[in-house]
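The chain contents come next:
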Amino acid sequence: MSGAAYLRNCWYVFAWGDEIGESPLGRTIAGDPIVVFRGDDGLVALEDMCPHRFVPLSRGTVTDGVLECAYHGLRFGAGGRCVFNPLGDPPEAAKVRVYPVVQLHAAIWVWLGDPDRADVALIPDFAFLTDPARATVTGYTYARADYQLAIDNLTDLTHVQFVHRDFQASEAYPRLEHRTWQEGDDVYRAITFPDGRPAPFIAGAMDPEKRIDITMETRWSAPSLVKLTASVTEPGRPDHYLFGNYSAHLVTPEQPGTCHYFYAHSRDYGVDDPATDQRVREWQRIGFGEQDKPILEAQQARVGNRDLMKMRPVILPTDAGGVRARRILAKRILEEERGIAAEPTPEPAQ
Ligand code: FES
Ligand SMILES: [Fe+2]
């Protein structure tokens, strides 16, 4: 287990479903090295370290429906036990930790905490990702930035005016309206650019002189899962919808200072148009890979391993969502640690 405090009784995105085919995939999730493969028993997530000489099992292959270690050929099945030894009986002690794993909403999710509490119903609703009436383009980037910096980024979308200026800057920015609210532990933010001409990224899709409202609403769910709904409406008439899209921003901590960023954009127009897919893919690559990521990585380099909130940052009204999300996450981590601490500590082995 890592030294950093992470929420463990929750689902983290490990990969997009289509990232795992015939080969196993290894990734570190909140400090835990994990390998996921598709075997005879479906999806399996195991500790990514062979108990023989500690080689990552993700270097191995799926053979006869189980995972074969690349070094000396021990094989491990869904239960985490060694099920085959090429030179004799599988050793009783040869077993690795098993993690609950599920594929839902196009993503593969792993649960790090108590397996008995791994309830699929706790995964927030991202059903739009597999809606056949929509076209969805997914992607992934790795960032040398702590996942909590990514949460700040996603819960305060005022940055689009500056970081994504070439796509999204709006003349309506000085009139920005924003609000923050909460439903259970989910934090919602909405920002509206009111009564302005279309930003560059939608100017091609409509009369560039037409005045519109653009609203971006985010729903943050612990630990770091964001659904973004963008809608273009007639000025002052939020019920008069013109067009929009959903996107998912699913951030998984790797270890302190680094994270996996899974993103997806889902539209309900031009669904069968590969050229639009390509345009979206390019926008994602530039927007996240070349615009957000360098900012977050530069910020991480300055903050280092300090806790950003303890550095007494200036808090703007537009930080309301990010501050709430950080508070909820910190509270849940603390509650979880207290819960674990309340358990009797086992006697050390003699
Ligand atoms: S290290 Fe895996 S079989 Fe030897
Ligand atoms: Fe961004």
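As shown above, the structure is provided for reference.
## Quick notes on the overall build of the chain
Step number 1: Counting secondary structure elements, the chain contains six helices and 18 strands.
Step number 2: Rg of the C-alpha trace for the chain: 22 Å, near the compact-globule value of 20 Å for 350 residues, within the 12% margin.
Step number 3: Each of the three principal axes of the chain carries a C-alpha extent, and together these read 75 × 45 × 35 Å.
Step number 4: Put simply, the chain has 350 residues, and 49% of those count as buried.
Step number 5: Partitioning the contacts of the chain with sequence separation of at least 6, the portion at a separation of at least 24 is 55%.
Step number 6: By element, 52% of the accessible surface of the chain is carried by carbon and sulfur atoms, the whole surface being about 17400 Å².

## A look at the packing of helix α1 (residues 147–155) against helix α5 (residues 274–303)
Step number 1: Contact pair α1 / α5: the axes reach a minimum separation of 10 Å and the direction vectors enclose 130 degrees. Here α1 is positioned oblique relative to α5, judged by the angle of their axes. Judged by the sense of rotation from one axis to the other, the crossing of α1 with α5 is right-handed. On α5, the residues touching Leu149, Ala150 and Asn153 of α1 are Asp292, Leu296, Gln299 and Gln300.

## Concerning the packing of aromatic side chains
Step number 1: Here the structure, examined in full by the defined rule, presents 15 aromatic pairs.
Step number 2: Each ring, one from Tyr261 and one from Tyr263, has its centre 5.7 Å from the other, and the planes form 90 degrees; the classification is edge-to-face.
Step number 3: By relative accessible area, Tyr261 is classed as buried at 5%.
Step number 4: Aromatic side chains Tyr263 and Phe288 sit 4.6 Å apart centroid to centroid with 45 degrees between the ring planes, which places their arrangement in the tilted category. Placement of Tyr263 in strand β18 (residues 258–267) and of Phe288 in helix α5 is noted, with a sequence separation of 25 residues between them.
Step number 5: Of the residues examined, Phe288 reaches a relative accessible area of 7% and is grouped as buried.
Step number 6: In this structure an aromatic cluster arises from ring pairing among Phe167, Tyr261, Tyr263, Trp283 and Phe288.

Calculation rules
- Residues numbered from 1 in each chain as written.
- Chains lettered and ligands numbered in written order.
- Predicted model: local features only at pLDDT ≥ 70, side-chain atom pairs only at ≥ 80, totals over all residues.
- Heavy atoms only, no water.
- Helix = DSSP H or I, 4+ residues; strand = E, 2+ residues; numbered from the N terminus.
- Rg over C-alpha atoms; globule rule 2.2 N^0.38 Å.
- Buried < 20%, exposed > 50% of the residue type's maximum accessible area, 1.4 Å probe, protein only.
- Contact = heavy atoms within 4.5 Å.
- Areas by Shrake-Rupley, 256 points an atom, 1.4 Å probe, with all protein chains shown as cover.
- Axes fitted to C-alpha atoms, helices over the stretch in contact; angles between N-to-C directions.
- Parallel < 35°, antiparallel > 145°, perpendicular 65-115°, else oblique.
- Left-handed = near helix turned anticlockwise from the far one by under 90°.
- Phe/Tyr/Trp six-rings, centres within 6.5 Å; stacked < 30°, edge-to-face > 60°.

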